[in-house]
Amino acid sequence: MTRTSNRTYWAAGTAVLLALLFAVAATVASASGGDGDGSRTSARAPGLYSPDAGFARDMAVHHQQAVEMSFIVRDRTKDEPVRGLAYDIANTQANQRGMLLGWLDLWGLPKVVADEPPMSWMGTAGQHGGHGAAGHGTAGHDMGGAAAKPGALMPGMATKEELAQLGAAEGRDAEVLYLQLMTDHHKGGVAMAQGCAQQCETPAERALAQGMVEAQQSELTLMADMLKQRGAAPRG
């Protein structure tokens, strides 16, 4: 791994760590009914269809696939840089997923809502009267034209066929496919996190979302460099 890649990777890890630490502290404060300075708050929990709740549900699912792909590639290659990246992505996103699901529990909200299409919180904020829509005066975050490919649940997510292809690949082929799939995955994740950073009302969740944006953008740069080292490039 090049010196530039090391710096990029360190920056990504630092951004994630700071976001996680802030989110943990804020979650503890809100769970105890305080706002961090020992006072009590009367802030109500986000609504069922709010951006806060929708992001927590959708990103938990999105993160779970990243963890799955990372565990797959770990067993398909002996390349240490790729295995190290996969380990850190799996560890970071599993921890973040736990936070998101923990917030839903804290708010007394379900982890799955049968009548809620994926990503609806980004384009229909306010239509369900959710707490998160208050005061934004917007129809939701612009996905920049991003859309889920056929067979994928959300933008950036891999299809079952792609996951099977990754599980059957070995060595350099597995490395390249993983980096390409994870690049797509991060691009979708960044768009989602930017949506929460703009629309969510829970400060800790906004901070975590912004940390995701910064860390995953750094990892996108790193993965582009790793693909180049292997004579490949991100998919169009």
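Please refer to the structure higher up on the page.
What comes next is a walk through the structure. This is a predicted model, so every value here is computed, not measured. (Residues numbered from 1 in each chain as written. Predicted model: local features only at pLDDT ≥ 70, side-chain atom pairs only at ≥ 80, totals over all residues. Heavy atoms only, no water.)

## Quick word on the overall build of the protein chain
Stage number 1. From N to C terminus, the protein chain includes seven helices and zero strands.
Stage number 2. Of the regular secondary structure in the protein chain, the N- to C-terminal order runs α-α-α-α-α-α-α.
Stage number 3. Burial statistics for the protein chain: of 236 residues in total, 49% are counted as buried.
Stage number 4. If you take every contact in the protein chain between residues at least 6 apart in sequence, the share linking residues at least 24 apart comes to 78%.
Stage number 5. On the protein chain, roughly 11,100 Å² of surface is accessible, and the fraction owed to carbon and sulfur atoms is 55%. (Helix = DSSP H or I, 4+ residues; strand = E, 2+ residues; numbered from the N terminus. Buried < 20%, exposed > 50% of the residue type's maximum accessible area, 1.4 Å probe, protein only. Contact = heavy atoms within 4.5 Å. Areas by Shrake-Rupley, 256 points an atom, 1.4 Å probe, with all protein chains shown as cover.)

## A word on the pattern of salt bridges
Stage number 1. Taken as a whole and assessed by the stated rule, the structure comprises 11 salt bridges.
Stage number 2. Of the charged contacts in the structure, one is a salt bridge between Lys 111 and Asp 105, with a shortest N-O distance of 2.5 Å.
Stage number 3. The partner of Glu 162 in a salt bridge is Arg 235, and the shortest N-O contact between them spans 3.3 Å. Placement of Glu 162 in helix H5 (residues 160–168) and of Arg 235 in the segment after helix H7 (203–229) is noted, with a sequence separation of 73 residues between them.
Stage number 4. Arg 235 sits in the partly exposed class, given a relative accessible area of 27%. (Salt bridge = Lys/Arg side-chain N within 4 Å of Asp/Glu carboxyl O.)

## Thoughts on H5
Stage number 1. Among the residues making up H5, those that are buried are Glu 162, Leu 163 and Leu 166. Along the axis of H5, the buried residues cluster in a sector spanning 100°; they form a single face. With respect to the buried face of H5, the exposed residues turned more than 90 degrees away are Lys 160, Glu 161, Ala 164 and Ala 168.
Stage number 2. Its buried side turned inward, H5 meets helix H2 (51–74) and helix H6 (171–199). (Arc of directions from axis to C-beta.)

## Quick notes on empty space enclosed by the protein
Stage number 1. Here the structure, examined in full by the defined rule, presents two cavities of 30 Å³ or more.
Stage number 2. Grouping the amino acids of the lining of the second largest cavity by side-chain chemistry returns four nonpolar, one polar and one charged. (1 Å grid on protein atoms, 1.4 Å probe; cavity = no way out; pocket = protein on both sides within 12 Å on 5 of 7 lines; lining within 4 Å. Points joined across faces, edges and corners; volume = space filled by probe spheres on them. Nonpolar A, V, L, I, M, F, W, Y, C, P; charged D, E, K, R; others polar.)

## Description of H6
Stage number 1. With 29 residues, H6 ought to run about 42 Å at 1.5 Å a step, and its terminal C-alpha atoms sit 41 Å apart, in line with that.
Stage number 2. Of all 29 residues in H6, 22 are buried; the element is thus mostly enclosed. (Expected span 1.5 Å × (residues − 1).)

## Brief notes about the packing of aromatic side chains
Stage number 1. Tallied over the full model, the rule gives two aromatic pairs.
Stage number 2. A centroid spacing of 5.7 Å and a plane angle of 80° characterise the contact between Phe 55 and Trp 121, whose relative ring orientation is edge-to-face. A residue pair is termed long-range when its members are at least 10 positions apart, and Phe 55 in helix H2 and Trp 121 in helix H4 (residues 120–123) qualify at 66 residues.
Stage number 3. An angle of 10° between the planes, with centres 6.4 Å apart, marks the rings of Trp 103 and Trp 107 as stacked. Remark: Trp 107 and Trp 103 occur in helix H3 (residues 80–107); sequence separation between them is four residues, near one turn of the helix. (Phe/Tyr/Trp six-rings, centres within 6.5 Å; stacked < 30°, edge-to-face > 60°.)

Function cannot be inferred from these measures alone, as they are strictly geometric.
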